[in-house]
Amino acid sequence: MRSFFHRNFLCIGHRGSPSTAPENTLRGFEQAIGDGADAIELDVQLVAGALVVIHDEELDRTTSGSGRVDALSLDLLRGLDAGDGERVPLLEEVLELVAGRVGINVELKGPGTAGPTVELLRARAEAPEGILLSAFEHRELEIARSAAPEYPRAALFGRLDRDPVRAATALGAIAVNLHRRTAAPAVVQAARDAGLATLVYTVNDPTEALKLRRVGVAGIFTDCPGAMLEALAAED
Ligand code: G3P
Ligand code: CA
């Protein structure tokens, strides 16, 4: 089993490897792993009591369906094409596919996802060191913390409308996950001083990735893990 933070600078497949395979699909996650990604990131929503892996609240951009994700029954949702004949996976299917080969960042999208997610992780005896839970909605991280404190958490931010280090520390998180436009060196350093890792999304330009690595960022989420790893290796 590979632990999530297994090396200094992580290249995390953002929703799999969407530059080469449909996002948030089993094919995309397998592609990211095959490309050498250190970990994968995925988005989980609760639909009809099931944890499904899909980013948007609407079906239109990534599937053959339209309208709200939560307006469909699970059967209808699973009957849609999520790209190249793939279907919208269940979180359990992704855990099964990955099988500890790389770390998984489960981004909890929407209310009610934390409880069922940690319940599933525990039921499957998923090793905590291979998992990182994150959420923009920090309430979900509080729920995860009280239900299953052993699964590490990252406080996820869009705009920095509050002190990320203070917020992450209050949540007992081990990382702050920042938008690339907010990952200033001073913020990264403040996180390091507080013992927190910083992960930055979404970085597709190797030059930017190298700059972030130099200022102490612990990893990036990228849409093109294969190309990114190749470019970074050329710099080593
Ligand atoms: O977790 C990092 C990133 O995935 C957050 O933004 O919109 O791509 O889910 P988004
Ligand atoms: Ca995400």
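Residues numbered from 1 in each chain as written. Chains lettered and ligands numbered in written order. Predicted model: local features only at pLDDT ≥ 70, side-chain atom pairs only at ≥ 80, totals over all residues. Heavy atoms only, no water.

Draft legend 1. Local environment of the environment of Glu-150. Assignment of secondary structure puts Glu-150 in the loop between α5 (138–147) and β6 (153–156). Separated by 113 residues in the primary sequence, Glu-150 and Ala-37 place their C-alpha atoms 24 Å from one another. Setting aside anything within four residues of it in sequence, one finds Glu-150 in contact with Arg-122 and Pro-128. Of the polar contacts made by the side chain of Glu-150, one reaches the side chain of Arg-122; its length is 2.7 Å. (Helix = DSSP H or I, 4+ residues; strand = E, 2+ residues; numbered from the N terminus. Contact = heavy atoms within 4.5 Å. Polar contact = N/O pair within 3.5 Å; in protein donor to acceptor, adjacent residues only side chain to side chain.)

Draft legend 2. Geometry of helix α8 (residues 206–214). Residues Glu-208, Ala-209, Leu-210 and Leu-212 constitute the buried set of α8. If you follow the buried residues of α8, they end up packed against β8 (197–201), β9 (219–222) and α9 (225–235). Directly after α8, the chain includes Gly-216, whose backbone phi takes a positive value near 100°. (Buried < 20%, exposed > 50% of the residue type's maximum accessible area, 1.4 Å probe, protein only.)

Draft legend 3. Here's a closer look at the coordination of the calcium ion (ligand 2). For the calcium ion (ligand 2), the full set of protein donor atoms is Glu-41 (OE), Asp-43 (OD) and Glu-107 (OE), at a range of 2.1 to 2.2 Å. Along the chain, the residues donating to the calcium ion (ligand 2) fall in the pattern E-x1-D-x63-E. One end of the pair, Glu-41, is in strand β2 (residues 39–47); the other, Glu-107, is in strand β4 (residues 103–108), and 66 residues separate them in sequence. Comparing Glu-41 with Glu-107, the two get one shared label, buried. (Donors = N, O, S within 2.8 Å, 3.2 Å for Na, K, Ca; no water.)

Draft legend 4. Seen up close, the environment of Val-187. Mapped onto the fold, Val-187 is located in helix α7 (residues 185–193). Considering only alpha carbons, one finds Val-187 and Glu-92, 95 residues apart in sequence, at a separation of 35 Å.

Draft legend 5. Local environment of the packing of aromatic side chains. For the structure shown, the criterion picks out two aromatic pairs. Taking the centre distance of 6.2 Å and the plane angle of 75° together, the rings of Phe-136 and Tyr-201 count as edge-to-face. Here Phe-136, found in the loop between β5 (131–135) and α5, pairs with Tyr-201, found in strand β8; they are 65 residues apart in sequence, far enough to count as distant. On the basis of relative accessibility, which here comes to 36%, the residue Phe-136 falls in the partly exposed class. Since its relative accessible area comes to 13%, Tyr-201 is described here as buried. Taking the ring centre of Phe-9 as reference, the NZ or CZ of Arg-213 above it sits at 5.8 Å. (Phe/Tyr/Trp six-rings, centres within 6.5 Å; stacked < 30°, edge-to-face > 60°. Lys NZ or Arg CZ within 6 Å of the ring centre and 35° of its normal.)

Draft legend 6. Representation of the site of ligand 1. Ligand 1 sits among His-14, Arg-15, Glu-41, Asp-43, His-55, Glu-107, Lys-109, Phe-136, Leu-156 and Tyr-201. A distance of 2.8 Å is found between an oxygen atom of ligand 1 and a side-chain nitrogen or oxygen belonging to Arg-15. At 2.8 Å from an oxygen atom of ligand 1 is found a side-chain nitrogen or oxygen belonging to Glu-41. Within the complex, 90% of the 290 Å² of free accessible area of ligand 1 lies under protein. Of the residues belonging to the shell around ligand 1, the class tally is three nonpolar, two polar and five charged. (Near = heavy atom within 4 Å. Areas by Shrake-Rupley, 256 points an atom, 1.4 Å probe, with all protein chains shown as cover. Nonpolar A, V, L, I, M, F, W, Y, C, P; charged D, E, K, R; others polar.)

The analysis is restricted to geometry; functional conclusions fall outside its scope.
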